[in-house]
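Here is how the chains run, residue by residue.
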Amino acid sequence: MSVSVQLCAGLAPSCVLKVPRSSFFSRRSGPTLLGLLLVLATLAVSLPHAALAQEPPYFVAYSSALEEPGNLEIAFKGLTASPKNANAFMSHTLELEYGATAWWTTELYLQGQSTVNDSTVFTGLRSENRFRFLPTEHWINPVLYVEYENISAADKSLLEIVGNDSISDLQPSNAELYGETEREIEGKLILSSNAKGWNFSENFIAEKNLSNEPWEFGYALATSRPLALAGSSRSCLFCRQNFTAGAELYGGLGTTQSFGLASTSHYAGPTVSFEVPHGPAISFSPQFGLNDNSAGVLWRFKVAYEIQQFRDWFRHNSFRGGSR
Amino acid sequence: MKLRFATLSILLLSSTLVLASSSWLSKVPKADRARVNPYAGNAEAAAAGKLIFEDNCAKCHGDDAEGRHGRPSLRSERVAHATDGELAWILRNGQAFHGMPSWSSLPEQQRWQIITYLRTLLTDR
C-alpha cells in the first residue's frame, strides 16, 4: 500500500499525509507532524534551566495562573479516543506559551491529528492571549482570554466544547473535513480562586465563526489541590508536593439561537499531574462523556517543559555587546 | 466633548500610573502586615524554603538572592525591614505591573517556607 503526500502549504490547514490502512504510524509515511512534534518535545526536554510551573493540571479549563514573565513553556498535548461509529484517532497539539509580562501571557498552538484507517493531517493554528487586569489578589480573580483560530473542521483536539459540538461531527473522513476551514474568534471569562491549597476555576466561553454563524457558548469548571501543601526539606522526586490531583467538567451551552443544554455534549473526569523537579510536568486525565452526544472516554495527556527566563538569553547577549 | 474625554482619560491614566509607581509596602493592609509566620525560625522549613526558592524565585532574583538582570535583590534593606506579613502579601499578590507575578497558586505553607528561608539570608549578611 502506498503513501501519498499532498502539498503542505505553510501553516494553512490543508496539509495531509495519507497513512496506509495497514499501519497507523508507518515508517514510510515520512516526517509526519507527529514526528516533528516528538522532535520538538525531545529538544525541549534536553534544554537546560527548565523547572516547575505553578499551573494547575487542567486540559480544558484555565485558572488565573499566567506564565511567569520571560518564561517559555513548550508543551505537547495529546488526546486519543475511540468513539462509537467512528475511527479511533489521536490529536497532537504543540503549545508554545510565553509570559510577555506578569499580567499578559501569549500562546501559539499548532495542531494535527491522526485517524486510524484514514490519514494524518495538520489541522491549523490558534493564537491566544490572556490578560490579568486586577493588580492584586481577590476572592475571585478574573482573567480575560482572547483567541483567534484558523483550523480545519478535521481538528479533533477538543480544547473546548462549545455550541452544539458533538462527537458525531468527527465521523466523516479527513478528506471530507480538512478542506473546510474555520476562522473563529473566541473569548473566555476566566474566574479563579485559591483557598487553602485548593484552586477553583470557572470559565465561560463565547465563540464566533467569522462567517455568518451564530455565537456559540460553553463552560469549563475545574478544581485541584497538591497532595501536600508544605514543601519537603529534602530534594525528592516522588514527594507528595510534586503531585496535584483534581477534576474537570466542561461542555457546550448551545448558541444564540438555541441556548441551553439540548443537543450539547459534556465531559467530566479526574486529572492528575506530576511535576518532576527541574524537569517536565506530566499530566493525565481520562474524561468521560456524560451523554449520547459525547465520546465514551477521552484520554488526555500533556508533557510540559518550562524554559526559565528565556528572555534573558537575549538580554545576556546585549550585556556582552555593552549596550547596558 | 472630545476635549473633555481626552482630559478625563489623561487624568485616569496619570492617577493609575501614580498609584502603580508607589512602593508596594504602602499598599499592604494592616491586618496582612501583622500576620505571623507559622514557621518562623524553623530550620526544616528554611531548608524546604531554600528548595522552593531555587525552583521558583532564583530564576529572577538569582541563586544568591542578589537579583539578576535588573530584578531586585532580596537581601536589601527594604526586605530586611519588611515584616513577614508584608513579604507574605507581596508573594500572594505580586506586582503585576512591575514584573512580579502573583504566587497565589503556590500553597500558602510553601510561601511561608520561602519567607523563613529569606530570613536566614538576611541574618547571614
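Numbers given to residues run from 1 along each chain, matching the order in which its sequence is written. All chains are assigned letters beginning with A, and all ligands numbers beginning with 1, in the order in which they are written. Per-residue local features are limited, in this predicted model, to residues with pLDDT of at least 70; the limit for side-chain atom pairs, both in listing and counting, is 80 or more; totals at the level of whole chains, interfaces and linings are taken over all residues. Water and hydrogen atoms play no part in the side-chain values, which are based on all heavy atoms of the structure.

1. Some words on the overall build of chain B
Helix and strand assignments come from DSSP, with helices taken as H or I runs of at least 4 residues and strands as E runs of at least 2, each series counted from the N terminus. Each helix and strand in chain B was counted, giving 7 helices and 0 strands. If you list the helices and strands of chain B from N to C, you get α-α-α-α-α-α-α. Entry remark: accessible area of chain B is about 6,900 Å², with carbon and sulfur atoms responsible for 62%. Under the convention used here, a 1.4 Å probe and the Shrake-Rupley method define accessible areas, while residue burial counts only the protein chains that appear.

2. Notes on the pairing of strand 8 (residues 181–195) of chain A
All names here are of chain A. Any two strands are treated as partners once DSSP identifies two or more bridges connecting them. Bridge analysis of strand 7 (residues 141–152) against strand 8 gives 12 bridges, and the strand direction is antiparallel. Looking at the pairing, Y148 lines up with I185 of strand 8. Sheet topology note: the strand 8/strand 9 (residues 198–209) ladder contains 12 bridges and is antiparallel. Pairing of K188 across the sheet is with I205, part of strand 9. Following strand 8, the chain reverses through 2 residues before pairing antiparallel with strand 9; K196 in that reversal takes a positive phi of roughly 50°.

3. Here's the deal with the confidence of the model for chain A
Residues and elements named next belong to chain A. For every residue, the predictor states its confidence as a pLDDT score lying anywhere from 0 to 100. For chain A, per-residue confidence averages 85 on the pLDDT scale, and residues scoring 70 or more make up 81% of the total. The least confident element of chain A, judged by mean pLDDT, is strand 2 (residues 50–51) at 48; the most confident is strand 10 (residues 216–226) at 98. Here a residue-residue contact requires only that any non-hydrogen atoms of the pair lie within 4.5 Å. Contacts from residues 48–53, a stretch scored under 50 in pLDDT, to residues over four places away or in other chains number 23 contacts.

4. Details of the environment of R111 of chain B
Residue and element names in this part refer to chain B. Along the chain, R111 falls in helix 7 (residues 108–123). Taking the C-alpha atoms as reference points, R111 and A88, 23 residues apart in sequence, are found 6.8 Å from one another. Leaving out residues up to four positions away in the same chain, R111 has contacts with L91, R92, W103, S104 and L106. Think of a polar contact as two N or O atoms within 3.5 Å of one another; within protein, one of them needs to be a possible hydrogen donor and the other a possible acceptor, and neighboring residues in sequence only count if both atoms come from side chains. At a separation of 3.4 Å, a polar atom in the side chain of R111 contacts the main-chain carbonyl oxygen of W103.

5. Here's the deal with the packing of aromatic side chains
Pairing of aromatic rings covers Phe, Tyr and Trp, the last through its six-membered ring, and needs centres within 6.5 Å; plane angles under 30 degrees mean stacked, over 60 mean edge-to-face, and all others mean tilted. Evaluated as defined, the whole model comprises 14 aromatic pairs over all chains. When the ring of W103 of chain A is compared with that of F97 of chain B, the centres are 6.0 Å apart and the planes differ by 50°; the resulting orientation is tilted. A residue pair is termed interchain when its members come from two chains, as with W103 of chain A in the loop between strand 4 (89–101) and strand 5 (104–115) and F97 of chain B in the loop between helix 6 (84–93) and helix 7. To sort residues, take the accessible area from a 1.4 Å probe on protein chains only and compare it with the maximum for the residue type: under 20% means buried, over 50% means exposed, and anything in between is partly exposed. A relative accessible area of 28% places W103 of chain A in the partly exposed class. Ring plane angle 15° and centroid distance 4.6 Å describe the contact between F243 of chain A and F274 of chain A, whose orientation is recorded as stacked. Placement of the pair is F243 of chain A in strand 11 (residues 243–255) and F274 of chain A in strand 12 (residues 266–275), with a sequence separation of 31 residues. You can call F243 of chain A partly exposed: its relative accessible area is 23%.

6. A word on helix 7 of chain B
Residues and elements named next belong to chain B. In a regular helix each residue adds 1.5 Å, so 16 residues correspond to 22 Å; helix 7 covers 23 Å between its end C-alpha atoms and thus fits that length. Taken residue by residue, helix 7 has Q110, R111, W112, Q113, I114, I115, T116, Y117, L118, L121 and L122 as its buried positions. Looking at the buried positions of helix 7, the neighbouring elements they touch are helix 3 (43–56), helix 5 (77–81) and helix 6. In this analysis, the expected span of each helix is defined as 1.5 Å times one less than the number of residues it contains.

7. Quick notes on the pattern of salt bridges
All names here are of chain A. Counted as salt bridges are all cases of a side-chain nitrogen of Lys or Arg within 4 Å of a carboxyl oxygen of Asp or Glu. Summed over all chains, the structure comprises 18 salt bridges over all chains. Between E73 and K302 there is a salt bridge, and its shortest N-O distance comes to 4.0 Å. Taken as a pair, E73 in strand 3 (residues 72–81) and K302 in strand 14 (residues 297–307) lie far apart in primary sequence, 229 residues in all. As far as burial versus exposure is concerned, E73 and K302 are alike and both buried.

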